Amino acid sequence: MARLNSALATLLLAAASAVAKDVVYHWDIGYVTANPDGLMERRVIGVNGAWPPPELHVTLNDTLVVEVRNSLDAPTALHAHGLFQNETNYMDGPFMVTQCGIPPGANMTYRIPVAQTGTFWIHAHYSAQYVDGIRAPLILHNPAEPHAYDEEIVLPLADWYHDQSADLLKEFLSWRNPGGAEPVPRSALVGNVGGRNTKTLAFSPGKTYRLRLINMSALAMFHFSIDGHTMRVIEVDGIDTEPMEVGNVRLAAAQRVSVLVTALDSADANY
């Protein structure tokens, strides 16, 4: 029996290894212009000549590979927020803490084995650089998803500044700011748009949707709700939870929450 169990374990391990794969993204990080809140066009940090940076999707047991080219005039580094980085702390991102920065004009390949599932995000970890827009959802999918739903929607939430992060940092650390008051954001972004723009969620009556809410702010907290609907919280910061019905969700900066919401079969209001 012991030999049979050992052989079965070997077969299962071999099958898992055969399925596991590298999921490769190519990120050329550089300056572009954008106007996400519809109020001011400004220089931002984008990926591959566009903004916002693309979502990253990986499955449990795969390896996330991000091949980075730094086309900025300053160092940069990437931090996968919430990942444990067991045995890969040199891929963790904090500049001059767990890794050196990627110099201007240089390349680095991040290789991170995925041993977690849930909703995460990835962002620059050099100075206050991610405030300039270099931040993106990172979704780690579970092949044995414990929750049932029809579709999922990744919904980043973020604050937005019209000034460059270097100027904001100088203002924050100035002797003229002895109380340490943080610079106040100019706008709120839902799905990377705000101001005169809108983010529309295409719901079909009766369908159940998983909304992956990610607060990618520098400072602001968000209170999220949908008129006329209740939501069921099923995941908090990458940990599956027993469903709990709520009317709204509060997310501080860097927090992630997944909720299930079933669209009402009604056109009585503009939800």
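In short, a report on the structure. Since this is a predicted model, take the numbers as computed values, not measurements. (Residues numbered from 1 in each chain as written. Predicted model: local features only at pLDDT ≥ 70, side-chain atom pairs only at ≥ 80, totals over all residues. Heavy atoms only, no water.)

## Quick look at the packing of aromatic side chains
So, point 1. Enumeration over the complete set of coordinates arrives at four aromatic pairs.
So, point 2. Their ring planes at 50 degrees and their centres at 5.5 Å tell us that W51 and W160 sit as a pair that is tilted. In this pair, W51 sits in the loop between strand 2 (42-47) and strand 3 (56-59) while W160 sits in strand 9 (residues 151-160), placing the two residues 109 residues apart along the sequence.
So, point 3. Residue classification places W51 among the buried positions, given a relative accessible area of 16%.
So, point 4. One Lys or Arg, R43, reaches over the ring of Y31 and ends 3.7 Å from the middle of that ring. (Phe/Tyr/Trp six-rings, centres within 6.5 Å; stacked < 30°, edge-to-face > 60°. Helix = DSSP H or I, 4+ residues; strand = E, 2+ residues; numbered from the N terminus. Buried < 20%, exposed > 50% of the residue type's maximum accessible area, 1.4 Å probe, protein only. Lys NZ or Arg CZ within 6 Å of the ring centre and 35° of its normal.)

## Structural notes on the side chain of S258
So, point 1. Positionally, S258 belongs in strand 16 (residues 256-262).
So, point 2. Of note is the side chain of S258, whose polar atom sits 2.6 Å from the side chain of E235.
So, point 3. Among all residues touching S258, those that are not within four sequence positions of it are T119, R210, L211, R212, R232, V233, I234 and E235. (Polar contact = N/O pair within 3.5 Å; in protein donor to acceptor, adjacent residues only side chain to side chain. Contact = heavy atoms within 4.5 Å.)

## Let's talk about the environment of A20
So, point 1. The residue A20 is located in the loop between helix 1 (2-19) and strand 1 (22-34) in this model.
So, point 2. Since its relative accessible area comes to 29%, A20 is described here as partly exposed.
So, point 3. Each C-alpha atom of the pair A20 and N61 lies 5.7 Å from the other, and the pair is 41 residues apart in sequence.
So, point 4. Excluding residues within four positions of it along the chain, A20 makes contact with N61 and D62.

## Brief notes about the pattern of salt bridges
Side-chain pairing between opposite charges can occur once the charged atoms of the two side chains come close.
So, point 1. Scanning all chains against the criterion turns up nine salt bridges.
So, point 2. A salt bridge links R210 to E235; the shortest N-O distance between them is 3.0 Å. Remark: E235 occurs in strand 13 (residues 231-236) and R210 occurs in strand 11 (residues 208-215); sequence separation between them is 25 residues.
So, point 3. Owing to a relative accessible area of 1%, R210 belongs among the buried residues under this scheme.
So, point 4. Taking relative accessible area as the criterion, E235 reaches 1% and is therefore assigned buried.
So, point 5. In this structure, R256 engages D237 in a salt bridge whose closest nitrogen and oxygen atoms are separated by 3.5 Å. With a gap of 19 residues between them, R256 in strand 16 and D237 in the loop between strand 13 and strand 14 (239-246) connect regions that are remote in the sequence.
So, point 6. Overall, the relative accessible area of 30% leaves D237 in the partly exposed class.
So, point 7. Salt bridges linked by common partners bring E145, E152, R210, R212 and E235 together as one network. (Salt bridge = Lys/Arg side-chain N within 4 Å of Asp/Glu carboxyl O.)

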